[in-house]
Amino acid sequence: MSESLTRDDVAKVAHLARLELTDAELDTYTEQLGAVLDHAADVAALDLADVPPTAHPLPLVNVLRDDVIGPTVDREEVLSQAPAVEDRRFRVPAILGEEP
Amino acid sequence: MAELPTTAVEIAAAVRSGQVTAVEVLDAHLAAIDAREGEINAFNLVLADEARAAAAAVDARIAAGDDPGPLAGVPLALKDNLCTRGVPTTCSSRILEGWRPPYDATVVQRVAAAGAVAVGKTNLDEFAMGSSTENSAFGPTRNPRDTARVPGGSSGGSAAAVAAGFAPISLGSDTGGSIRQPAALCGVVGVKPTYGLVSRYGLVAFASSLDQIGPFSTTVADSALLLEAVAGHDPLDSTSIDQAAPSLLDVLDRGVEGLRIGLVTELMGEGIAPDVAARVRQAAAALEAAGATVGEVSVPATSYGLSAYYLIAPAEASSNLARYDGVRYGLRVDAPTTAEMNAATRTAGFGDEVKRRIMLGTYALSAGYYDAYYGKALKVRTLIMRDFEAAYEHFDLLLSPTSPTTAFRFGEKVDDPLSMYLNDICTIPTNLAGHPAMSVPFGAGADGMPVGVQLMAPALGEATMFRAAASLEAAAPSLEEAFA
Amino acid sequence: MSAVENLTHQPVEGEHFTITSEATGDVWEIVVGLEVHCELATATKLFCSCPNMFGDEPNTNVCPVCLGLPGSLPVLNRNVVELAMRLGRALHCSVEPSVFARKNYFYPDMPKDYQVSQFDRPINVDGWLDLPDGTRVGIERAHIEEDTGKNTHAGGSGRIHGADYSLVDYNRAGVPLVEIVGRPHIRHPEQAKTYIDELRAILLATGASDAKMEEGSLRVDANVSVRRVGDPELGRRCEIKNLNSLRSLGRAIEYEARRQVDLLESGEVVKQETRHWDEGAGRTRPGRSKEEAEDYRYFQEPDLVPLDPGADWIAAIDGAMPALPAARRDTLAAAAGVAPTETAVVVAVQRDLDQLALAAIAAGGDGSRVLLHVEHNLAVEGAESLDPAHFAQLVTMEVAGQLTATQAKTVLGDMLESGKAPDAIAAERGFEAMDSSELEGIVDGIIAESPDEWADYCGGDDKRRGKLQGFFVGKVMKATKGQADGKAVNAILDARRTAAG
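So, here's what we can say about the structure. (Residues numbered from 1 in each chain as written. Chains lettered and ligands numbered in written order. Predicted model: local features only at pLDDT ≥ 70, side-chain atom pairs only at ≥ 80, totals over all residues. Heavy atoms only, no water.)

### Let's talk about unusual backbone geometry
Going by this rule: In DSSP terms, a helix is any run of H or I states spanning at least four residues, a strand is any run of E spanning at least two, and both are numbered starting from the N terminus.
The omega torsion of the bond from G153 of chain B to S154 of chain B falls at 10 degrees, within 30 degrees of zero and hence cis. Here S154 of chain B lies in the loop between β3 (117-122) and α5 (156-163). Phi at N62 of chain A is positive, roughly 50 degrees, even though this residue is not glycine. Turning to its location among the elements, N62 of chain A is positioned in the loop between α3 (41-44) and β1 (64-65). Backbone geometry places F127 of chain B, a non-glycine residue, at a positive phi of 50 degrees. In this structure, F127 of chain B sits in the loop between β3 and α5.

### Remarks on the nonpolar core
Rule in force here: The term nonpolar core refers to a set of buried residues drawn from Ala, Val, Leu, Ile, Met, Phe, Trp, Tyr and Cys, joined through side-chain atoms within 4.5 Å. Only protein chains enter the accessibility calculation, which uses a 1.4 Å probe; a residue whose area is less than 20% of its type maximum is buried, one above 50% is exposed, and one in between is partly exposed. Contacts are residue-level and defined by heavy atoms, with any inter-residue pair within 4.5 Å sufficient.
F127 of chain B together with I180 and Y195 of chain C are the most contacted members of the largest nonpolar core, which has 263 residues in total. Top element by residues in this core is helix α12 (residues 371-394) of chain B. It accounts for 10 residues. If we skip the residues at most four places from it in the chain, I180 of chain C touches L34, E35, V36, C38, L87, L91, I139, R141, A142, Y195 and L199 of chain C. One finds A333, L394, A408 and L412 of chain C within the second-largest nonpolar core, a separate group that totals 30 residues.

### Considering the sheet that holds strand β2 (residues 85-86) of chain A
Short version of the rule: Here, any two strands with at least 2 DSSP bridges between them count as paired.
Strand order in this open sheet of 4 strands is β2(A)-β3(A)-β11(C)-β10(C), and the pairing throughout is antiparallel. Looking at strand neighbours, the two that pair on one side only are β2 of chain A together with β10 (150-154) of chain C, the edges of this open sheet. Strand direction decides the pairing type here: β10 of chain C and strand β11 (residues 165-169) of chain C, joined by 5 bridges, are antiparallel. From the neighbouring strand, T152 of chain C faces β11 of chain C, where its bridge partner is L167 of chain C.

### So, the interface of chain A and chain B
Short version of the rule: As a working definition, buried area equals the accessible area (1.4 Å probe) given up by two parts on being put together, with both sides summed. Take a side-chain nitrogen of Lys or Arg and a carboxyl oxygen of Asp or Glu: if they are within 4 Å of each other, that pair is a salt bridge. Distance and chemistry together define a polar contact, namely a pair of N or O atoms within 3.5 Å, with one atom able to donate a hydrogen and the other to accept it when in protein, and with adjacent residues in sequence counting only for side-chain atoms on both sides.
With 49 residues of chain A at the interface, the matching set in chain B holds 67 residues. The junction of chain A with chain B conceals about 5000 Å² of combined surface from both sides, 67% of it contributed by carbon and sulfur atoms. Of all residues in chain A, R18, P57 and Q81 of chain A bury the most surface against chain B, accounting for 12% of the area lost on that side. Across the contact surface, chain A and chain B share 1 salt bridge. Measuring nitrogen to oxygen at the nearest pair gives 2.7 Å for the salt bridge that ties R85 of chain B to E77 of chain A. In this assembly, chain A and chain B are joined by 20 residue pairs in polar contact (both at pLDDT 80 or more). Those elements giving two or more residues to the side of chain A that touches chain B turn out to be α1 (7-16), α2 (23-39), α3 and β3 (89-93) of chain A. Top contributing element to the side of chain A that touches chain B by residue count: α2 of chain A, with 7 residues.

Given below as structure tokens:
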């Protein structure tokens, strides 16, 4: 069992990621993810205080497009792919949580 | 019937000159698919009718005196994470089953505009996460050289389709080796271009800062031909490099005289099978014999590549895959509330490996862990880029194995994620750096299965890389040649 | 009896609004910081070329990008960056190199289940906004982000709670927003309203937004806390949402402040939370409490590249900056010879009539009189098309006594309708300058007709005299068909009384 990851951690991230896990899956994932994180311990242990992060391999900046209207997608084509539709809109079950 | 051409270069030339028709070429490939697809399972979907219509259209243009383009009549397979308008695009996931995109990926438009004929959508590890194609929701693809073995992954279907002769060329995507590793395991050429050289628009994202689309083929020239057709700036992709596609076919015969090629020390030691390492040394010797200068070079940070990659890629994936929530397209598993419906849908729709990576990435980004994991991984990325930069001060190209081993057997690694991840140890560093790299077949390992050697180049160094690849191809031992 | 009922409040002259506890005698002040989201007035959305249009048929202004379809990628709208920079500079912000980040959370109106926003490196930082009363409100940041789609709740009450299901329209998804985060420098509900008024004027002046609260293109959240006057520490705050009008904003702040004082006076604590304003009930209510703190897992958006505006671009934005409300008020006030805080000056700029007023003053019109008309008689459609020379002429006639105030207002109305010159209109209407001896004669005649009232007027107390003054002026007006100048009539009456006394 990993030192870096607990069963509660896995339950918490599963909840954040909207995944449901059985107890058995929780055990399996805790072990498997723990092994990967233990392998990543070499990275976590590095002292990189003076190294800047690289979020992206390309040094591009200011990629912009002109503010000109282009084609939209046909509504029927879009809605035909939806699991549930009503009154020209996407239908979803009751929303309980607040919008952040 | 006269003997049909087999490579894309030959097919396009023959079709453009009217020696053969696109329909004849297509029929031969559909026949090959009929004969072996049941055994290989390279495709999620074979587009026989659409392909016939496309081939007939190419022939009609030839008849009318038009030039359908550099890929005229060339059958081509598309990885099933490339969006095709009105044609199911599944990413080999239950969660996208039945989804028909309302648009074509930029590369799909470009190959069509170049006259290619798409024959089908190829199988992959679900959402391109894997190294064996065993993570497909629609069953694994088998290695055409030995169907008891994996074809590699995640673009296993695209590699197998070319290796089995279902199409002379195919497109895959490479996030940590997903083109090069299956190319090596199936004994074909596979190229990951410079990040930004090929538009990602319409490629279903796995890890946005790492994903690149690239070609598979049986010859180096065919990969050059296909890459020329799909590369070049696309205003729909903000990370697309604003310059014209490189000229590659023209430089293939220039040889390697005077090129400095470095064998990467860190990728030749522990974890690399001895037979694979031996083939790489043989390849180095062949390049030296062809006029290149070969030396050893250390790229120390590459040893942290795997760890950094397995934090960065899952982090981006956890966000990229959030949209599969059962609201707008694909699978929905009903539940009383939207939050419960989201969770039920995702739980039923994603396979184990995808869930693993989503959770890993969610964890790496979460409050309290970001700095230790994701933040550190981004800094390691800087170190890797610095180390490559230092190496390229002394060398034009770098050389290593593509995969630590030849193709392994089904089930060998699928339940041990970490050992599966180690397959990517040689390919990951170039994804992190955004550099180009390609796998070129170079004989067989001790088990008789193909070995691929990897050529790496600095950003936009494709032309030099292809020159060396052509030299390697010319010097490569055949698969039948016994392992020394 | 609740503690709140034991409290009295008195708005203090100027910027402070305090609540005094009768029980303890403690004096509390309100601390407010406002977060404003405004939709930018672009032709297309933030990251795709779909129309940015309010009120269209549901799900028609959509494409793979704003629907978050697999494989789609964002490309940043140049005009969004320009408008955001212009707004930032108008708010005296520093425009910095910036990056986009993903804010990850699940919500059905958000097609990608993350919002592209700016997090640790926003485009505009550290500015301020000066209110007409001279208060300087700090601006922490003004960053770019994308709007969400719109949920319609069906079944049940039609509100989110108790709805059976919801329907989603993604037309608004991906519309460009700038979120302007103000520092907690506001101390009065009225000041909060003034801040929004001023910000709206800046948004309109810069062309950044149409800033319509009723259409949701300007949305305000208020962070409200209270503390004892003199206490340097900020109290724990609540974020108030669902403020759909300026009236709601003022009422909600006042209610919320009292609620918090009530809690604190009763020895309880204020819980840091999001609360919703219920306009009907006139109170704030807590949102559904979350089981855990949100964890948005921000990280740099890998599908977009950084923005680095550079000195040249910023200089170009500054060079093209339209005149802003504060400067326009100063200019107008100087030309009219009044203080920039005068209501008429504020109103003139708010109504975009300051150019007209300036032109009229430049054409010789009296500043105060011009402003008087702008404030009271020009709140009409098309007023900005008034000919400034005619406007100046009207004011000059008025000052010269050729028109009474009432007549001038009538003539102004006609000028707006017909575009004719004021002297022509006055002549048509028979508004003639009344000779002062003629007016004196009329007044004397009326005094002679009403000796009892006149005696009363001369001998009565101030109250009585005031009433009778109205009586006499009314008679004169009747006799002159309203053409007499009320002031002149009063002067004659006064002179006659003094002479009689």
